[in-house]
Amino acid sequence: MESALASIFRNLSRYFSTYKVVSGEEMLCAIEAEVDKLSEETVKGLEEWLKGNLEEVIFQSIVSEPVSIYSPNMTGKRNYLGEIFYLQPIHTYRMEELEQAFDRLVKLRAPVILPRMEAATNNFLTKGGYDVIGCLDKQEVIQHKEMMAAKGEYKLYLYLIPSIVSVTEFNLSAERVADQVMVVPTEKTPAPFINFARDYLGDFAGKVQIWVADVDQEVINPFLGGPKDKELDKKFGSPELAYLAARIFQSQRLSQLSEED
C-alpha cells in the first residue's frame, strides 16, 4: 500500500514542478487522474489503511497535514480574483503564474458551466419572443459556444464565454450584421468584473453588449450596454442592473466622444 501511495505523490510532485501555482479544482483533477490508474482493489486497500476517501486524504495531505514523507507541500495560499490558489510555501510566485492558473481553472470549468449558460440564455431569449437559430460548440475541448437568435428586425449573435476574464481573448467580427453579445457567468466575487471595467471597458463600449448569466437563479442581467429591443430589456432579472448598465455605457460613450473632439 505504501509504495502505491508513494508513486501517486511522486507523480503529483512532477505535476506541481510544471504548474507551481494551482487551484483546488485543478489539484483535485490531477489527484483523480492518478487514482484512476489504480485497480479497485488497491484503492479500497488504501482507503482502509488511510481511513478515508483516497482523493480527499491525498488533497488534505498536500495542502494541510501530510500522511507521507513523499507528499508534496502546497500549503501556501493566494487569493486571486476571488479564487484560492495553492503553491509551495517557499515559492516566490509571479503574477503571470496566478494568471495562467486562473486561465486553466476557467478552461476546466467550461464544459460544466457552458451548457448551463446556454440553457439560461435560451430561456431568456425565448421568453423575449426570439427564435434561437442554433448553438455551436467551439473547439474540440469546449471553451466557448456561439448562438444566433432573431425576432423580426432584431438579430443577435451571442458568444457564451466561461469567464469575464476570457472576454479579451475574442475578436469580434467587423462584418457581423447582427448585434453582438458576450454572455459570461457570475463570479465568486465582483473582482473580475471590476478589473474588466477598469482595464477594458473602453475597448468594448459601443461595440458589444455583455450579459451576465446567473445559472443558479437561471436569469440574465446586463453588464455593458443594452438591447435595442426594449421588450427584451424588460426580461432581465434585475431592472436596476439594466439601468446601471445603460449608465455605464452612456458615460463611457460620452467620454469617447469627448476624446474624439
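Everything here concerns the structure above.
Residues numbered from 1 in each chain as written. Predicted model: local features only at pLDDT ≥ 70, side-chain atom pairs only at ≥ 80, totals over all residues. Heavy atoms only, no water.

**Some details on the packing of aromatic side chains**
Here the structure, examined in full by the defined rule, presents 14 aromatic pairs. Here Tyr15 and Tyr19 contribute two aromatic rings whose centre-to-centre distance is 5.1 Å and whose plane-to-plane angle is 50°, an arrangement assigned as tilted. Judged by its relative accessible area of 33%, Tyr19 falls in the partly exposed class. One aromatic cluster is present, built from ring pairs that chain together Phe193, Phe196, Tyr200, Phe204 and Phe223. (Phe/Tyr/Trp six-rings, centres within 6.5 Å; stacked < 30°, edge-to-face > 60°. Buried < 20%, exposed > 50% of the residue type's maximum accessible area, 1.4 Å probe, protein only.)

**Quick look at the packing of helix α1 (residues 2-18) against helix α3 (residues 40-50)**
For the pair α1 and α3, interaxial distance at closest approach is 10 Å and the crossing angle is 95°. Judged by the inter-axis angle, α1 sits roughly perpendicular to α3. Residues Glu2, Ala4 and Leu5 of α1 form the contact with α3, whose own contacting residues are Thr42, Leu46, Trp49 and Leu50. In terms of residue class, the contact of α1 with α3 is built from 5 nonpolar, 1 polar and 1 charged. (Axes fitted to C-alpha atoms, helices over the stretch in contact; angles between N-to-C directions. Helix = DSSP H or I, 4+ residues; strand = E, 2+ residues; numbered from the N terminus. Parallel < 35°, antiparallel > 145°, perpendicular 65-115°, else oblique. Contact = heavy atoms within 4.5 Å. Nonpolar A, V, L, I, M, F, W, Y, C, P; charged D, E, K, R; others polar.)

**A look at the pairing of strand β3 (residues 83-87)**
Within β3, 4 of the 5 residues are buried, which leaves the element mostly enclosed by the surrounding structure. In the sheet, strand β1 (residues 21-23) pairs with β3 via 3 bridges, with the strands oriented antiparallel. The partner of Val21 across the bridge, within β3, is Leu87. As paired elements, strand β2 (residues 76-80) and β3 share 5 bridges and run antiparallel to each other. For Arg78, the partnering residue across the bridge sits in β3 and is Phe85. Remark: 2 residues form the turn of the hairpin made by β2 and β3, two consecutive strands paired antiparallel; Leu81 in that turn has positive phi of roughly 55°. (Pairing = 2+ DSSP bridges.)

**Thoughts on the pairing of strand β5 (residues 144-151)**
A large share of β5 lies buried, amounting to 6 of its 8 residues. The pairing of β5 with strand β6 (residues 154-160) spans 7 bridges and is antiparallel. Counterpart to Ala150 in the pairing with β6 is Lys155. Between the end of β5 and the start of β6, which pair antiparallel, lie 2 residues, with Gly152 showing a positive phi angle near 60°.

**Some details on the environment of Ala191**
Structurally, Ala191 can be placed in helix α6 (residues 191-199). By relative accessible area, Ala191 is classed as partly exposed at 24%. Through-space distance from the C-alpha of Ala191 to that of Gly82 is 6.7 Å; in sequence the pair is 109 residues apart.

**Looking at the nonpolar core**
Ranked by size, the top nonpolar core spans 22 residues in total, and within it Leu12, Met27, Ile31, Ile58 and Ile62 carry the most contacts. Residues in contact with Leu12, not counting those within four places in the same chain, are Ala30, Ile31, Glu34, Ile58, Ile62 and Pro72. Formed by 21 residues, the second largest nonpolar core is a distinct cluster that contains Phe124, Val183, Ile220 and Leu232. (Core = buried A, V, L, I, M, F, W, Y, C linked by side-chain atoms within 4.5 Å.)

**Re the pattern of salt bridges**
Between side chains of opposite charge, pairing is possible as soon as their charged atoms come close. Applying the stated rule across the entire model yields 14 salt bridges. We note a salt bridge from Lys228 to Asp179, for which the minimum N-O separation is 3.4 Å. One end of the pair, Lys228, is in the loop between β9 (219-224) and α8 (230-233); the other, Asp179, is in strand β7 (residues 179-185), and 49 residues separate them in sequence. With a closest N to O distance of 3.3 Å, Lys234 and Glu231 form a salt bridge. Classification of Lys234 as exposed rests on a relative accessible area of 60%. (Salt bridge = Lys/Arg side-chain N within 4 Å of Asp/Glu carboxyl O.)

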